[in-house]
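# Observations on chain architecture
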Amino acid sequence: MTAVGPDVEVARRAFLDDLIGRRLLVPMGVAGVFGRGEEFEDTVGRLDQLVTELGRIDGATVIRFPPVINRTEFNRSGYLKSFPHLAGSVHSFAGTEKAHRDLVQTVEAGGDWAHGLPSTDVVLTPAACYPIYPTLAEHLPAGGRVMDVLSFCFRHEPSDDPARMQSFRMREHVRIGTPEQVSVWRNAWFDRAQTYIDRLVLDARFEVANDPFFGRGGKILAQSQRDSQLKFEVVTPIVSAEQPTAVISLNYHQQHFGTIYGIISDDNAPAHTACIGFGLERLTLALYKQHGFGRGAWPAATREALGL
């Protein structure tokens, strides 16, 4: 993460203290992991509903997944090649009684007991769209598919920045089809995303962006992604105006997932895919930061959009 100056750190800490003091967020003793208070959750739900309203015209298939995915399919996705530093794996005890005694003794002695819990068949979901693609290993129907997904996601980025949580919700719409079908859909969502931000009266803008690829080779991948304009983000000040936070991400994967999972489109070629993701916690934080902690005093247009 890019280094920030002392003034930004002070502002970040003050904002987090306010969120905690008002019980909007509840600290859990681990950086970037929070419980959510009743009002915070209500705001998240209203933002989620606004996404539903804007995307209803697509007639998307709605599906909700748990926050874990099949380890085998996760490996096939290529995520570990690009983002090993963000991945989270689920481990569980599967030993004998003696192994259990050894485990308890290690815990009581304050030691590292991780060796006693081998990996399971699931990993934590890194992005809400990832569970979709293995379910579509088929020849798509005419016109392709549009999917509507929502999931808790995990990325191992411990931080004191309240807008950089390790566990967060991502609402996504996903388009699967020919390059032309995906392009038309993607362009439509550029306009819808702008409408979404305008209705919330947020100070935000689109930027060409890149994913946080790992290592020296990742720098080349990131530059290629930017040069090809495969990823755009809507960014808005939450803590720093100089380093605004991404709250919406619009991504074009080309035929990456279509090739991996055998998804065939109308043109009998590997399907192209694109997705738009709404970071619900980040959008909620942006509203409180820019409009204040009293929802009743938020701009009239914002309150109308959210049904407040």
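See above for the structure.
A short tour of the structure in this document, coming up. (Residues numbered from 1 in each chain as written. Predicted model: local features only at pLDDT ≥ 70, side-chain atom pairs only at ≥ 80, totals over all residues. Heavy atoms only, no water.)

## Examining the packing of aromatic side chains
As a reminder, the rule being used: Classification of ring pairs rests on two measures: the distance between centres of Phe, Tyr or Trp rings, Trp counted by its six-membered ring, which must be within 6.5 Å, and the angle between planes, read as stacked under 30 degrees, edge-to-face over 60 and tilted in between. Secondary structure follows DSSP: runs of H or I at least 4 residues long count as helices, runs of E at least 2 residues long count as strands, and numbering of each begins at the N terminus. Here's how the labels work: a residue is buried when its accessible area is under 20% of the maximum for its type, exposed when over 50%, partly exposed in between, all with a 1.4 Å probe on protein chains only.
Scanning the model with the defined rule gives 15 aromatic pairs in all. Between Phe15 and Phe293, the aromatic rings sit 6.2 Å apart at their centres with planes inclined by 35 degrees, giving tilted as the arrangement. Here Phe293 lies in the loop between helix H9 (280–291) and helix H10 (300–306) and Phe15 lies in helix H1 (residues 6–21), a separation of 278 residues in the sequence. Here the two residues Phe15 and Phe293 agree in accessibility, since each one is buried.

## Considering the pattern of salt bridges
Think of it this way: side chains of opposite charge can pair up when their charged atoms draw near. Convention followed: Any carboxyl oxygen of Asp or Glu within 4 Å of a side-chain nitrogen of Lys or Arg constitutes a salt bridge here.
Here the structure, examined in full by the defined rule, presents 20 salt bridges. Linking Arg64 and Asp148 is a salt bridge whose minimum nitrogen-to-oxygen distance equals 3.1 Å. Of this pair, Arg64 sits in strand E3 (residues 61–64) while Asp148 sits in strand E7 (residues 145–154), and the two are 84 residues apart along the sequence. Residue classification places Arg64 among the partly exposed residues on the basis of a relative accessible area of 39%. The exposure class of Asp148 is buried, given its relative accessible area of 5%. As a salt-bridge pair, Arg171 and Asp148 come within 2.7 Å of each other at their nearest N and O atoms. In this pair, Arg171 sits in strand E8 (residues 167–177) while Asp148 sits in strand E7, placing the two residues 23 residues apart along the sequence. With relative accessibility at 1%, the residue Arg171 sits in the buried group. Here the salt bridges share partners, and the residues they tie into one network are Arg36, Glu41, Arg169 and Glu281.

## A look at unusual backbone geometry
Among all residues except glycine, the phi angle is most often negative; among peptide bonds, the trans geometry is most common. In this model, Gln229 sits at a positive phi of 50 degrees, which is unusual for a non-glycine residue. If you trace the backbone, Gln229 turns up in the loop between helix H7 (215–227) and strand E10 (231–236). Residue Asn268 is not a glycine yet carries a positive backbone phi of 60 degrees. Note that Asn268 resides in the loop between helix H8 (256–261) and strand E12 (272–279).

## Things to note about the pairing of strand E11 (residues 245–254)
Note the following rule: For two strands to be treated as a pair, DSSP must find no fewer than two bridges joining them.
Of all ten residues making up E11, nine are buried, and the element is well covered by its neighbours. Of the strand pairs in this sheet, E10 and E11 are connected by six bridges, and their pairing is antiparallel. Among the inter-strand pairings, Glu233 is bridged to a residue of E11, identified as Ser249. One ladder, built from six bridges, connects E11 with E12; its direction is antiparallel. Looking at E12, one finds that Asn251 is bridged to Cys275.

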